[in-house]
Amino acid sequence: MKIIVVDDEPRHLRGMVGLIRELRPNAQVMAAKDGIAALEQIRADCPDAVLTDIRMPRMDGLAFLEQLKEEGISTKVIMVSAYNLFEYAQTAVRHGAYDYLLKPVGIENVKHLLDRIELQLNSESHQRKVKEEMKHQLVRASSAYRSRLYLSWLNGSLTPSEQAEMDKEAWLQGGGLIIYSELNNEGKDVETTSGLAFAQCLEQSWSRLGEAMTVLHNGIQDRRMHAITVVSTAPVTREAKQQICQLADSLSREMSAAGRLVHGIGPYCEQLVIGAPQAYRAAQKANEQNFFERWEGVFFYDELRSSHRPVPIDTDKLVQALLSQEIQIVVDQCKSAFEQLADDGYAAPALMKEQALLLLMSMKSTLRELGERQVSGQLAQGAAVLVQECDSYAKLLELLEASLQEAHSTLAQTQQDKHEIVVANCLRWIEDNMKEELTLERAAAHFFFNPSYFSTFIKNKTGRTFSEHVTAVRMRRAKELLADHRLRIYDISAECGYQDTKYFCRVFKKYYGISPEAYKHTSLPERNSKR
């Protein structure tokens with residue numbers, strides 16, 4: 001509690017100040033020697049109570065009260081006087097005095113006075129809080145009703161009584177604009193900016209164009225906030241467009257901590273109360289083009305144009321590029337195709353997403369036909385991400401490239417695993433069929449390969465040709481049979497797939513540097529020793 005004691009007698013002034021400080025140690029007690037000095041102090045410190053003498057030089061207590069009343073200063077003034085006259089007390093109360101004390105002032109009287117003042121101050125403080133809360137509730141209720149009314153108006157769903165209410169809005173009888181704004185939090189904390197603060201910021205900025213009213217469209221959804229601003233303004237000239245872009249740029253910088261802010265500007269309405277609902281839908285449509293970063297967050301509906309360019313992408317070539325591990329070709333072709341489709345930012349974002357999905361699903365289908373089910377599954381997951389999360393052209397390209405990179409990586413590993421399996425199966429097939437006539441064409445047909453590709457494939461993966469593998473398997477088997485000594489040379493030749501014994505002997509000698517007969521006799525002592 002702040003208290004000022006006013007008295008021209010120093011002894012009385014010191015005594016009252018000391019008494020109050022003793023009774024209220026936590027109070028801030030100040031002193032003034034007359035009414036003029038007290039007025040200056042009151043204007044500066046706004047005390048809760050003033051104890052003042054009536055008769056003082058320069059300005060007495062009654063004149064002091066009158067001056068406070070004229071200046072609208074509300075503080076509790078207690079008049080203190082040595083005169084026990086009814087007319088003094090009556091005049092003081094008439095001028096707004098809180099109470100009247102007689103000198104000499106008793107301690108109990110002062111204590112009781114301070115108790116009453118403190119109790120009343122607490123009561124008044126509580127009442128102010130209640131009134132403020134009621135005022136805020138009324139403002140909120142009025143604001144909520146007004147927002148709902150405007151949204152119903154823009155959506156074309158007003159009741160007759162509501163339409164009559166809107167018709168009374170004088171500022172809507174003239175021309176103006178509808179601005180649709182979207183704040184994308186882009187993974188940032190949604191608490192950074194409240195919906196109310198967002199709407200107030202927009203309204204304050206757009207009001208530089210003319211009288212403005214901003215309402216939130218649907219609060220926070222999917223980390224986005226949407227708002228609609230109705231602005232009463234003159235027809236939009238080139239200079240006005242520049243001003244709108246400048247205001248939008250300023251807003252983006254101001255809201256940068258909360259996310260990416262973009263705006264769709266509807267067509268000019270000659271009469272807002274009639275044309276605003278249609279202009280609102282146009283503003284929403286215009287805002288969709290902010291999918292393209294090149295517009296820097298502002299797109300005017302009157303700049304929309306038709307764009308239906310096809311995507312010049314050969315899916316088969318892209319798949320072959322993936323199969324041949326030329327991933328950069330795939331990425332470059334995709335980016336080039338979508339650059340053409342984007343049409344410098346005039347293409348419909350829905351068309352961009354649709355073509356991206358078609359591309360991925362087409363590649364998924366082609367790869368599935370090739371047996372690459374794991375890779376096609378990767379592409380399908382990429383397509384789902386595109387549908388659910390992509391909200392800009394840059395992100396669309398990033399997601400496409402990421403999907404292709406992931407598919408390429410998985411495909412390369414899958415292909416590597418398949419190659420190893422094919423080689424192992426081929427060698428096993430040679431061993432199982434070495435007695436038969438084994439040709440490259442027969443092996444390629446068995447494993448569903450082109451003979452030329454199969455020949456290169458085997459050579460690249462093993463370092464040997466198909467014929468060299470056949471010879472190696474047959475010679476290894478011939479060596480085993482010769483060491484056994486139970487079969488004759490021509491029987492071993494037939495067993496290893498050679499119908500011409502002389503040809504078998506030439507091949508064996510060339511391979512091991514010794515004839516089959518000589519090897520047979522050389523291995524005999526070894527076989528006998530093992531017995």
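If you're wondering where the values come from, they're calculated on a predicted model, not measured in any experiment.

A. Structural view of the overall build of the protein chain. Looking only at helices and strands, one finds 20 helices and 10 strands in the protein chain. A buried classification covers 43% of the 531 residues belonging to the protein chain. Excluding contacts between residues fewer than 6 apart, the proportion of contacts in the protein chain whose partners are at least 24 apart in sequence is 67%.

B. Expanded view of the packing of aromatic side chains. Under the counting rule described, the total for this entry stands at 19 aromatic pairs. Both rings, one in Tyr 453 and one in Phe 457, keep their centres 6.1 Å apart while their planes meet at 20°; by these two values the pair is stacked. Of the two residues, Tyr 453 and Phe 457 are both situated in helix α16 (residues 451-462); the distance of 4 residues between them amounts to about one turn of the helix. By relative accessible area, which is 43% here, Tyr 453 ends up partly exposed.

C. Broad picture of the sheet that holds strand β3 (residues 49-53). Ordered by their spatial adjacency, 5 strands build an open sheet running β2-β1-β3-β4-β5, and the pairing between neighbours is parallel. For this open sheet the edge positions go to β2 (28-32) and β5 (99-102), each flanked by a neighbour on one side alone. Neighbour-to-neighbour, the strand axes of this sheet turn through a mean angle of 20°, independent of strand direction. Two strands pair when backbone bridges link them, and strand β1 (residues 2-6) and β2 are joined in this way by 5 bridges, in the parallel orientation.

D. Representation of the pairing of β3. For β3, a buried count of 5 out of 5 residues is recorded, marking the element as mostly surrounded by other parts of the structure. Burial of β3 is two-sided: the residues Ala 49, Leu 51 and Asp 53 facing one way and the residues Val 50 and Thr 52 facing the other way are all buried. Two strands pair when backbone bridges link them, and β1 and β3 are joined in this way by 4 bridges, in the parallel orientation. Within the sheet, the bridge partner assigned to Val 6 lies in β3 and is Thr 52. In this fold, the crossover linking β3 to strand β4 (residues 76-81) by way of helix α3 (residues 61-71) has right-handed handedness.

E. Quick peek at the nonpolar core. Phe 292, Phe 338, Met 352, Tyr 393 and Leu 396 are the most contacted members of the largest nonpolar core, which has 34 residues in total. For this core, the elements supplying multiple residues, two or more each, are α10 (315-323), α11 (327-342), α12 (349-369), α13 (373-389) and α14 (393-432). Those residues in contact with Phe 338 that sit more than four places away from it in its chain are Ile 313, Met 352, Gln 355, Ala 356, Leu 359, Tyr 393, Leu 396, Leu 397 and Leu 400.

F. Just the pattern of salt bridges, in detail. Counting across every chain of the model gives 23 salt bridges. Here Arg 305 makes a salt bridge to Asp 343, at a shortest N to O gap of 3.4 Å. With a gap of 38 residues between them, Arg 305 in the loop between β10 (298-300) and α10 and Asp 343 in the loop between α11 and α12 connect regions that are remote in the sequence. Take Asp 343: its relative accessible area is 7%, and that puts it in the buried class. One salt bridge connects Glu 431 with Arg 476, and the closest N-O pair in it is separated by 3.4 Å. Here Arg 476 lies in helix α17 (residues 466-484) and Glu 431 lies in helix α14, a separation of 45 residues in the sequence. A residue is classified by how much of its surface remains accessible, and Glu 431, at 40% relative accessible area, is partly exposed. Bridged by salt links that share partners, the residues Arg 24, Lys 111, Asp 115 and Glu 118 form one connected network.

Reading guide: rules and limits
Residues numbered from 1 in each chain as written. Predicted model: local features only at pLDDT ≥ 70, side-chain atom pairs only at ≥ 80, totals over all residues. Heavy atoms only, no water. Helix = DSSP H or I, 4+ residues; strand = E, 2+ residues; numbered from the N terminus. Buried < 20%, exposed > 50% of the residue type's maximum accessible area, 1.4 Å probe, protein only. Contact = heavy atoms within 4.5 Å. Phe/Tyr/Trp six-rings, centres within 6.5 Å; stacked < 30°, edge-to-face > 60°. Pairing = 2+ DSSP bridges. Axes fitted to C-alpha atoms, helices over the stretch in contact; angles between N-to-C directions. Right-handed = clockwise from strand over helix to strand, strands pointing away. Core = buried A, V, L, I, M, F, W, Y, C linked by side-chain atoms within 4.5 Å. Salt bridge = Lys/Arg side-chain N within 4 Å of Asp/Glu carboxyl O.

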